[in-house]
Amino acid sequence: MNSAEYFISKLRLEKHIKGGYFREIYRSSISIGDKCLHSNICGDRSLLTTIYFLLKSGEVSKFHKLKFDEIWFHHYGSSLLLHVIEENGDYKPLKLGLDIENGELPQVLVKGNSIFGAELLHKNSFSLLSCIIAPGFDYADFTLYKDKELLKLYPQHAEIIKKLNSEKD
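So, here is what we can say about the structure in this document.

Conventions adopted
- Starting from 1, residues in each chain are numbered consecutively following that chain's sequence as written.
- With the structure being a predicted model, the display of local features is reserved for residues of pLDDT at least 70 and the display and counting of side-chain atom pairs for 80 or more, all residues being used for whole-chain, interface and lining totals.
- To get the side-chain values, take all heavy atoms of the structure and skip hydrogens and water.
- Each helix is a run of H or I in the DSSP string that is no shorter than four residues. Each strand is a run of E no shorter than two, and both are numbered from the N terminus.
- Here the globule rule reads 2.2 Å times residues to the power 0.38, and the radius of gyration is calculated from C-alpha atoms.
- Each residue gets one of three labels from its accessible area relative to the maximum for its type: buried under 20%, exposed over 50%, partly exposed in between, using a 1.4 Å probe on protein chains only.
- Only heavy atoms enter the contact rule, under which two residues are in contact if any of them lie within 4.5 Å.
- A 1.4 Å probe and the Shrake-Rupley method give the accessible areas. Residues count as covered only by the protein chains that appear here.
- The charged-residue count follows a simple rule in which Lys and Arg add positive charge and Asp and Glu add negative charge, with His and chain termini not counted at all.
- Charged groups are reduced to one reference atom each: NZ for lysine, CZ for arginine, CG for aspartic acid, CD for glutamic acid.
- Points on a 1 Å grid, built from protein atoms alone, make a cavity when a 1.4 Å probe fits but cannot get out and make a pocket when they are open with protein on both sides within 12 Å along at least 5 of 7 lines; residues with an atom within 4 Å of a point are the lining residues.
- Grid points are joined across faces, edges and corners, and a volume is the space filled by probe spheres set on the points.
- Here the term charged refers only to Asp, Glu, Lys and Arg, the term nonpolar to Ala, Val, Leu, Ile, Met, Phe, Trp, Tyr, Cys and Pro, and the term polar to all other amino acids, Gly among them.
- The term salt bridge refers to a side-chain nitrogen of Lys or Arg lying within 4 Å of a carboxyl oxygen of Asp or Glu.
- Strand pairing requires that DSSP identify at least two bridges connecting the strands.
- N or O atoms closer than or at 3.5 Å make up a polar contact, with two conditions inside protein: a donor-capable atom paired with an acceptor-capable one, and, for residues adjacent in sequence, both atoms drawn from side chains.

### Observations concerning the overall build of the protein
Here's step 1: On a plain count of helices and strands, the protein comes out with three helices and 13 strands.
Here's step 2: Taking 2.2 N^0.38 as the reference for a compact globule, 169 residues should give roughly 15 Å; the C-alpha atoms of the protein span a radius of gyration of 16 Å, in line with that estimate.
Here's step 3: The dimensions of the protein, computed from C-alpha atoms along their principal axes, are 45 × 40 × 35 Å.
Here's step 4: Counting all 169 residues of the protein, 46% fall into the buried class.
Here's step 5: Long-range contacts, defined as pairs at least 24 residues apart, comprise 73% of the intrachain contacts of the protein with a sequence gap of at least 6.
Here's step 6: Accessible area for the protein stands at about 9300 Å²; split by element, carbon and sulfur atoms hold 53% of it.
Here's step 7: Of the side chains in the protein, 22 bear a positive and 22 a negative charge, and the two mean positions are spaced by 4 Å.

Below, the structure is given as structure tokens:
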């Protein structure tokens, strides 16, 4: 079995500000203008981008939001639990993995404007995934949340917010 360090090295992954490791692997050369997008989007966007993403034991992907839909694909290693707070404030757990009999799926959709984070379902492991977002990723469409912000907005989800967004770093 390959290790997390193997994939980080061979795929040339870098630390991500939300946690875990990533590398953009494709950015469409086709772009769309802001006249085609929502009224709160300024500037052109690539039609589509994809990344590799890896999460190791002891790490989490902190709660963040993207303005557009993102599709996650499981490739290797541990199953992953995506914690999604939908626009209406409802909590929706999504299990990403290959154990379909236990509610996991190899591909899941996180709707745009949802706030979400992730953790591994198994200790002493890692998960290799890829993500596709369309229109393509731009940091202008990305919000990384602090726990205090989220606790004020969603006190009903305090337990999971504190678990993923602890301010100890």
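Having seen the structure, we can now continue with the description.
### Brief notes about the layout of surface pockets
Here's step 1: Estimates place the volume of the second largest pocket at around 210 Å³.
Here's step 2: Considering the residues around the second largest pocket, the lining is formed by 16 residues, among which His16, Phe22, Ile51, Glu70 and Phe137 are closest to the centre.
Here's step 3: For the lining of the second largest pocket, the elements supplying multiple residues, two or more each, are β2 (21–27), β5 (49–56), β6 (61–66) and β12 (126–133).
Here's step 4: Split by residue class, the lining of the second largest pocket holds nine nonpolar, four polar and three charged.

### Here's the deal with the pattern of salt bridges
Here's step 1: Tallied over the entire structure, the rule returns five salt bridges.
Here's step 2: Across the salt bridge formed by Glu86 and Lys92, the nearest N and O atoms sit 3.9 Å from each other.
Here's step 3: Judged by relative accessible area, Lys92 falls into the partly exposed class, the value being 36%.
Here's step 4: Lys163 serves as the salt-bridge partner of Glu119, at 3.1 Å between the closest nitrogen and oxygen.

### Looking at the sheet that holds strand β10 (residues 107–110)
Paired through backbone hydrogen bonds, the strands of a sheet run either parallel or antiparallel to each other.
Here's step 1: Read from one edge to the other, the open sheet built from six strands follows the order β1-β2-β5-β12-β7-β10, with strand pairing classed as antiparallel. Here the strands that pair on one side only, and so sit at the sheet edges, are β1 (14–15) and β10.

### Describing the environment of Asp69
Here's step 1: Position of Asp69 relative to the elements: it lies in the loop between β6 and β7 (70–77).
Here's step 2: Expressed as a C-alpha distance, the spacing of Asp69 and Leu129, which sit 60 residues apart in the sequence, is 16 Å.
Here's step 3: If sequence neighbours within four positions are ignored, Asp69 has contacts with Leu109, Val110, Lys111, Gly112, Ile132, Ile133 and Ala134.
Here's step 4: In this structure the side chain of Asp69 is engaged in a polar contact, spanning 2.8 Å, whose partner is the backbone nitrogen of Gly112.

### Overview of the pairing of β6
On a regular strand, each side chain points to the face opposite its neighbour's, so the side chains alternate between the two faces of the sheet.
Here's step 1: A large share of β6 lies buried, amounting to five of its six residues.
Here's step 2: Two strands pair when backbone bridges link them, and β6 and strand β11 (residues 115–120) are joined in this way by three bridges, in the antiparallel orientation. What sits directly across from Lys65, in β11, is Ile115.
Here's step 3: Of the pairings in the sheet, the one linking β6 to strand β13 (residues 142–144) comprises three bridges and is antiparallel in character. Directly across from His64, in β13, lies its bridge partner Leu144.

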